[in-house]
Amino acid sequence: MTQKILVTGGTGFIGSHTTVELIKDGYEVVIVDDLSNSKIEVLDGIQEITGVKPQFYQFNICDERKLMDCLKAEQIDAIIHFAASKAVGESVSNPLLYYRNNLVSLMNLLDAMRQFGVGHMVFSSSCTVYGQPDQLPVTEDTPFQKAESPYGHTKQIGEDILRHVATAYPELNSIALRYFNPVGAHESALIGELPIGVPNNLIPYITQTAAGLRDELSIFGDDYDTPDGTAVRDYIHVVDLAKAHAVALDRLLKGANKEGYEFFNLGTGKGYSVLDVIKTFERVNKVKVNYKIVERRDGDIEKIYANTDLANNELGWKAELGLEDMLKSVWKWQKHMNGKSY
Ligand code: UDP
């Protein structure tokens, strides 16, 4: 029988790419999203790629009543939980929004899972849980530093909640996936990242500058202790990330997980500086990106990249796409977007 997966935040950036992979793998997908940071048209993109339009509910998971009604109506086998607020800077200025939105939603989901006998969750975590680690690359055993932002703290607490819940209720299994820097777009350019307003993240800022929508990219600091002075990150293609969710889900549904709560780093294991990214983008797409060097951005760490051995060996998953693939796909997506009203 077809298994039915609830994807919260399924019209978002990673959620939409994961939905595509799940449909390809033969799952039925039900999406819940409040559309606070995504567009309903994303469903059309998913349909164009897969031939299937997922069932869609519009509400915020903090609304316990609507969530319970949804789970009552659908016979859900597992949940992939993306729905969350994710802007680090905004979390500093509006911490209560972040603690409520990211944690009340998680607790509501876990309550609903217990009530309706749903035993599996894949949870969106982040490399932010590590802060600036003392040693690189970061393994899953690297201790968490004190969170720099309320956003990062919600991910640390979210993981603690899942760990404690798995201990208390053995029927409730979860896997947290700690994403490094997700970028890229589907090769069809029918879905991608849809930043609303001025982008905070590097890649959409680069593509919008190259497209002439922004005058100039600001590079936040060139005096870090890195080869060229700009900060280093582990960028991972969103399609690789989406595939990792399908693998984690399969592991839970098969009962192949070794613990009730497991966690994995998802990155490529390679660190690239901001200047590496800009130069590679210019080279592979034959376009120019105007930039200037400005002060460091508050809260940014110097460098981080993943050790991905655990995901490679335990999940049997490995990132297949490299920086050039990522940067070609985002430019194709940006050009596609320029012709759209949103
Ligand atoms: N960055 C930058 N200019 C921008 C946006 C980002 O120089 O307009 C840098 C940022 O300082 C960091 C890297 O690009 O070193 C990745 O930032 P992003 O916000 O994409 O992700 P983060 O690592 O902060 O989650």
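The preceding data block contains the structure.
Let us look at the structure shown here. Nothing here was measured: the structure is a model prediction, and the numbers come from that model.

1. Brief notes about the nonpolar core
So, step 1. Membership of the largest hydrophobic core comes to 39 residues, with the highest contact counts inside it found for Ile-5, Leu-22, Leu-177, Leu-249 and Leu-266.
So, step 2. Counting residues per element, this core draws most heavily on helix H8 (residues 238-254), at 8 residues.
So, step 3. Beyond its immediate stretch of four places on either side in the chain, Leu-249 contacts Ile-5, Leu-22, Tyr-27, Ala-78, Ile-80 and Val-122.

2. Topic: the pattern of salt bridges
So, step 1. This structure, assessed with the given rule, holds 16 salt bridges.
So, step 2. Across the pair Asp-63 and Lys-66 runs a salt bridge, and its minimum N-O distance is 3.6 Å.
So, step 3. Given the relative accessible area of 28%, Asp-63 is considered partly exposed.
So, step 4. Note on Lys-66: relative accessible area 43%, which makes it partly exposed.
So, step 5. Two residues, Arg-297 and Asp-300, come together in a salt bridge whose shortest N-O distance is 3.2 Å.
So, step 6. Sharing partners across several salt bridges, the network here consists of Arg-251, Lys-258, Glu-262 and Glu-314.

3. Quick word on the packing of aromatic side chains
So, step 1. Counting across every chain of the model gives 4 aromatic pairs.
So, step 2. Centroid distance Tyr-130 to Phe-144: 5.9 Å. Interplanar angle 90°. Geometry classified as edge-to-face. Taken as a pair, Tyr-130 in the loop between strand S5 (120-126) and helix H6 (150-168) and Phe-144 in the loop between S5 and H6 lie far apart in primary sequence, 14 residues in all.
So, step 3. Residue class for Tyr-130 comes out buried when judged on its relative accessible area of 0%.
So, step 4. Under the relative-accessibility criterion, Phe-144 is labelled partly exposed at 30%.
So, step 5. Positioned above the aromatic ring of Tyr-169, the side-chain terminus of Arg-114 is 3.5 Å from the ring centre.
So, step 6. Stacked on the ring of Tyr-224, the Lys or Arg Arg-296 has its end atom at 4.0 Å from the ring centre.

4. Some thoughts on the site of the ligand
So, step 1. The full set close to the ligand counts 14 residues, and Leu-202, Ser-218, Arg-233, Arg-297 and Asp-300 are the nearest of them.
So, step 2. Contacts to the ligand include Asn-201, whose side-chain N or O atom sits 3.1 Å from an oxygen atom.
So, step 3. Arg-297 is positioned such that a nitrogen or oxygen atom in its side chain is 2.8 Å from an oxygen atom of the ligand.
So, step 4. Relative to its free-state accessible area of 520 Å², the ligand is covered by the protein chains to the extent of 87%.
So, step 5. Looking at side-chain class alone, the shell around the ligand contains 7 nonpolar, 4 polar and 3 charged residues.

5. Focus: the side chain of His-17
So, step 1. Position of His-17 among the secondary structure elements: in helix H1 (residues 13-24).
So, step 2. The buried category is assigned to His-17, whose relative accessible area is 1%.
So, step 3. Excluding anything up to four places from it in sequence, His-17 contacts Ala-185, His-186, Ile-191, Gly-192, Val-238, Val-239 and Ala-242.

6. Comments concerning unusual backbone geometry
So, step 1. In this structure, Pro-137 follows Leu-136 across a cis peptide bond, with omega equal to -5°.
So, step 2. For Pro-137, the location among the structural elements is in the loop between S5 and H6.
So, step 3. With a phi angle near 60°, Leu-35 is a residue other than glycine that sits in the positive phi range.
So, step 4. Relative to the assigned elements, Leu-35 resides in the loop between strand S2 (28-32) and helix H2 (42-50).
So, step 5. A positive phi angle is found at Ala-189, which is not glycine, with a value near 60°.
So, step 6. Looking at the element boundaries, Ala-189 is found in the loop between strand S7 (181-183) and helix H7 (202-210).
So, step 7. Overall, Ala-189 belongs to the buried group, its relative accessible area being 3%.

Conventions and cut-offs
- Residues numbered from 1 in each chain as written.
- Predicted model: local features only at pLDDT ≥ 70, side-chain atom pairs only at ≥ 80, totals over all residues.
- Heavy atoms only, no water.
- Core = buried A, V, L, I, M, F, W, Y, C linked by side-chain atoms within 4.5 Å.
- Buried < 20%, exposed > 50% of the residue type's maximum accessible area, 1.4 Å probe, protein only.
- Helix = DSSP H or I, 4+ residues; strand = E, 2+ residues; numbered from the N terminus.
- Contact = heavy atoms within 4.5 Å.
- Salt bridge = Lys/Arg side-chain N within 4 Å of Asp/Glu carboxyl O.
- Phe/Tyr/Trp six-rings, centres within 6.5 Å; stacked < 30°, edge-to-face > 60°.
- Lys NZ or Arg CZ within 6 Å of the ring centre and 35° of its normal.
- Near = heavy atom within 4 Å.
- Polar contact = N/O pair within 3.5 Å; in protein donor to acceptor, adjacent residues only side chain to side chain.
- Areas by Shrake-Rupley, 256 points an atom, 1.4 Å probe, with all protein chains shown as cover.
- Nonpolar A, V, L, I, M, F, W, Y, C, P; charged D, E, K, R; others polar.

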